[in-house]
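# Topology and contacts: notes
Okay, here's what each chain looks like letter by letter:
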Number of protein chains: 2
Amino acid sequence: MKIIQSAKEIQQFAKNNKKDGKTIGFVPTMGYLHEGHLALAKQARKENDLVIMSIFVNPLQFGPNEDFDSYPRDVERDQELAKKVGVDLLFIPSLEEMYPKEATIQLTVTKRVQALCGRQRVGHFDGVATVLTKLFHLTLPDRAYFGMKDAQQVAVIEGFVSDMNFPLDIVGVETIREQDGLAKSSRNVYLNEQERREAPHLYGALLKGKEIIQSGERHANHIISVMTDYITTNTSSKIDYVEVLSYPELESIELLHGKIILAVASKFSSARLIDNIILTV
Amino acid sequence: MKIIQSAKEIQQFAKNNKKDGKTIGFVPTMGYLHEGHLALAKQARKENDLVIMSIFVNPLQFGPNEDFDSYPRDVERDQELAKKVGVDLLFIPSLEEMYPKEATIQLTVTKRVQALCGRQRVGHFDGVATVLTKLFHLTLPDRAYFGMKDAQQVAVIEGFVSDMNFPLDIVGVETIREQDGLAKSSRNVYLNEQERREAPHLYGALLKGKEIIQSGERHANHIISVMTDYITTNTSSKIDYVEVLSYPELESIELLHGKIILAVASKFSSARLIDNIILTV
């Protein structure tokens, strides 16, 4: 596995490989790899000649009160894991390499951000769009891989990739779950024993919502209320949101039709967990 | 010469050619081709395996009081001219093809726009950046060609191409002039006989500025004042601006150093003409 830190160098590497007719799969990460990232890399491995993974903790997507400085980093372990799942090239740029000078242009995501987690994270997706625009131009992927656990992120990325005609496909990879249904997350370790037993009920609430939709229910409000009850009955967590929206537009709907997302966020004592499912009615 | 109207089709065409190792030169235009455009295409022809030209009158870069509807169009003549200078592929998308739905992202050029023509054209360069981002992703050029006549446009484009790591080079092509020095422009036909005799003095003013700089003058204010006097003495036009700025940053400078631009805009009875020269002191 090759490691590159220079933007110029990785772009040249990607250009050369494209010229040779190779397809490139790209997995952007902020490092501290977990099973979710590795699932993305494994799928990229299957579908492309070459797999590039980036590790870059992007300051632009952190709010002033968020944890940029304390964001966990372990590049050595990341290298081992990336190698193990067949990554060909790891791109680990410095902050100066990615943002050498003040930008002359500002990207602002204007849709799909006033819902779910985006409502509280002003500017977060502008930072995501900026870093991905740069990374896409540096790695020239045919396909870029993102976890559906953060479905809003995928919706935002699909939006600007389509609007701006980026020459690549966005691949959303299904959420990986524990045997009891709990979505895998590095934050699960912060749950205490009782909370860990309750946490799968977030997914349970999503399945409950799905079930009543499949039985014919179409009123978003009713579905939200059933899911909310389910979470408050079965867990000690404090609900942040329970939403039923169109997907990928993430717009409020009264009556369900087409592709929709059921999404929840709830706070346990030391961990805020999110989960979602997407379905077509 | 091939003509393509579909975004998907031209992107596939560009991808296939890149895969075959071909280099692509791209000349974006709004059509109604004149000698300036053809000079760009001729240079692209010399430097690339394949030359793509686009013709698209981009509404996003017109202000509410500007002439989007009356902008001159003559696609048949354009096709003949493009073919004659060796364009391989003409991309002529419809409005719906370029902007099929409301965008989810907004590009805002935040630097290099508060000077020269940009000061009066709020949002103009946002529209330029948006359409070029899309066109670059559709045509996948190794090199894109722009006339230095609009030096501010080149500065803005170089800015966001560098900030966003686009995998291409921006080539600024020198302004083409009449024998008497007047910069070629479709607007020159609007000059009356006397104005046509006066108009080369705009370039004369730039040369005068250059001359005193080469003799050692370094104060921007003094140079501006000499150029202003030169224009008012030698023409009946009404000066819009005379500026001496750093290039490509387009920032005010008191004492000249490094790369700079001398730029003028002046209004004759029915035509506003612009001109500039760039030099290193």
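These figures come from a predicted structure and were not determined experimentally.

This paragraph deals with the overall build of chain A. Across its full length, chain A carries nine helices and 10 strands. Since a compact globule built from 281 residues should have a radius of gyration of about 19 Å, the 19 Å found for chain A is in line with a globular shape. A principal-axis box enclosing the C-alpha atoms of chain A has dimensions of 55 × 40 × 40 Å. Carbon and sulfur atoms make up 47% of the accessible area of chain A, which totals about 13,000 Å².

Our focus in this paragraph is the UniProt feature "binding site: beta-alanine" (unreviewed entry) in chain A. Here the UniProt-annotated "binding site: beta-alanine" (unreviewed entry) positions come out as Q61 of chain A. Residues contacting Q61 of chain A, with those up to four places away along its chain left out, are M30, E66, R121, H124, G127, V128 and V131 of chain A.

Quick look at the pairing of strand β7 (residues 169–173) of chain B now. Residue and element names in this part refer to chain B. Of the strand pairs in this sheet, strand β6 (residues 143–147) and β7 are connected by five bridges, and their pairing is parallel. Looking across to β7, one finds that G147 is bridged to V173. Handedness of the crossover joining β6 and β7 through helix α6 (residues 151–163): right-handed.

The next point concerns the relation of the copies chain B and chain A. The operation relating the two chain copies consists of a rotation about an axis and a shift along that axis. Between the two copies, chain B and chain A, the superposition gives an RMSD of 0.0 Å; the rotation angle is 180° and the shift along the axis is 0.0 Å. The relationship between the two copies is best expressed as a two-fold rotation axis. Comparing contact sets, 100% of the residues at the interface of chain B also lie at the interface in chain A, consistent with an isologous, same-surface contact.

Below, the discussion takes up the interface of chain B and chain A. At the junction of the two partners, chain B supplies 32 residues and chain A supplies 32 residues. For the pair chain B and chain A, the two sides together bury roughly 3,100 Å², of which 56% comes from carbon and sulfur. Joining chain B to chain A, the criterion identifies two salt bridges. In this structure, K111 of chain A and E102 of chain B form a salt bridge, with 3.3 Å as the shortest nitrogen-oxygen distance. Inspection of the region where chain B meets chain A yields 23 residue pairs in polar contact (both at pLDDT 80 or more). Looking at the side of chain B that touches chain A, the elements that each hand over two or more residues are α1 (7–19), β5 (105–109), α5 (124–139) and α6 of chain B. Among the elements that take part in the side of chain B that touches chain A, α5 of chain B stands out by supplying six residues, more than any other. Residue composition of the side of chain B that touches chain A, by class: 11 nonpolar, 12 polar and nine charged. As paired elements, strand β5 (residues 105–109) of chain A and β5 of chain B share five bridges and run antiparallel to each other. Within the sheet, the bridge partner assigned to Q106 of chain A lies in β5 of chain B and is T108 of chain B.

As a further point, take the domain arrangement of chain A. Residue and element names in this part refer to chain A. Entries for chain A in the domain assignment read domain 1 (2–173) and domain 2 (186–280). Once you take the C-alpha centre of each, domain 1 and domain 2 turn out to be 27 Å apart. In this complex, domain 1 contributes 14 residues to the contact, which on the side of domain 2 involves 15 residues. Roughly 1,300 Å² of surface becomes buried between domain 1 and domain 2 when both sides are summed, with 59% attributable to carbon and sulfur atoms. Counting across the interface, domain 1 meets domain 2 through one salt bridge. Along the contact surface separating domain 1 from domain 2 lie seven residue pairs in polar contact (both at pLDDT 80 or more). Classifying every residue of the side of domain 1 that touches domain 2 by side-chain character gives seven nonpolar, three polar and four charged.

Turning our eyes to something else, we now look at unusual backbone geometry. Residue and element names in this part refer to chain A. The amide bond that connects Y247 to the next residue, P248, takes the cis arrangement and shows omega of 5°. Non-glycine residue L116 carries a positive phi angle of around 45°. Positive phi, close to 45°, is recorded for L140, a residue that is not glycine. With respect to the helices and strands, the residue L140 is situated in the loop between α5 (124–139) and β6 (143–147).

Calculation rules
- Residues take numbers from 1 onward in each chain, read along the sequence in its written order.
- Numbering of ligands from 1 and lettering of chains from A proceed in the order in which they are written.
- A pLDDT threshold of at least 70 governs which residues receive local features in this predicted model, and a stricter bar of 80 or more applies before side-chain atom pairs are shown or counted, although totals over entire chains, interfaces and linings include all residues.
- Note: side-chain values were computed over all heavy atoms of the structure, leaving out hydrogens and water.
- The secondary structure listing takes helices from DSSP runs of H or I that are at least 4 residues long and strands from runs of E that are at least 2 residues long, numbered from the N terminus.
- Note that the radius of gyration is over C-alpha atoms, with the globule rule given as 2.2 Å times the number of residues to the power 0.38.
- Using the Shrake-Rupley algorithm and a 1.4 Å probe, accessible areas are obtained, with residue cover drawn only from the displayed protein chains.
- UniProt positions are given in the numbering used here, feature names are shortened, and annotations may be inferred rather than shown by experiment.
- In what follows, residue pairs with any heavy atoms lying within 4.5 Å of each other are defined as contacts.
- Whether two strands pair depends on DSSP finding at least two bridges between them.
- A clockwise course of the path from the first strand over the helix to the second, judged with the strands pointing away from the viewer, identifies a crossover as right-handed.
- Least-squares superposition of the copies uses the C-alpha atoms of those residues scoring a pLDDT of at least 70 in each of them.
- When two parts are put together, the accessible area they lose, computed with a 1.4 Å probe and summed over both, is reported as buried area.
- Each salt bridge in this description consists of a side-chain nitrogen of Lys or Arg and a carboxyl oxygen of Asp or Glu lying within 4 Å of one another.
- Identification of polar contacts relies on pairs of N or O atoms within 3.5 Å, with a donor-acceptor requirement for protein atoms, meaning one able to donate a hydrogen and the other able to accept it, and with residues adjacent in sequence counted only if both atoms are side-chain atoms.
- Any residue that is not Ala, Val, Leu, Ile, Met, Phe, Trp, Tyr, Cys, Pro, Asp, Glu, Lys or Arg is counted as polar, Gly included; the first ten are nonpolar and the last four charged.
- Where a domain begins and ends is set by an automatic assignment or by a domain database.

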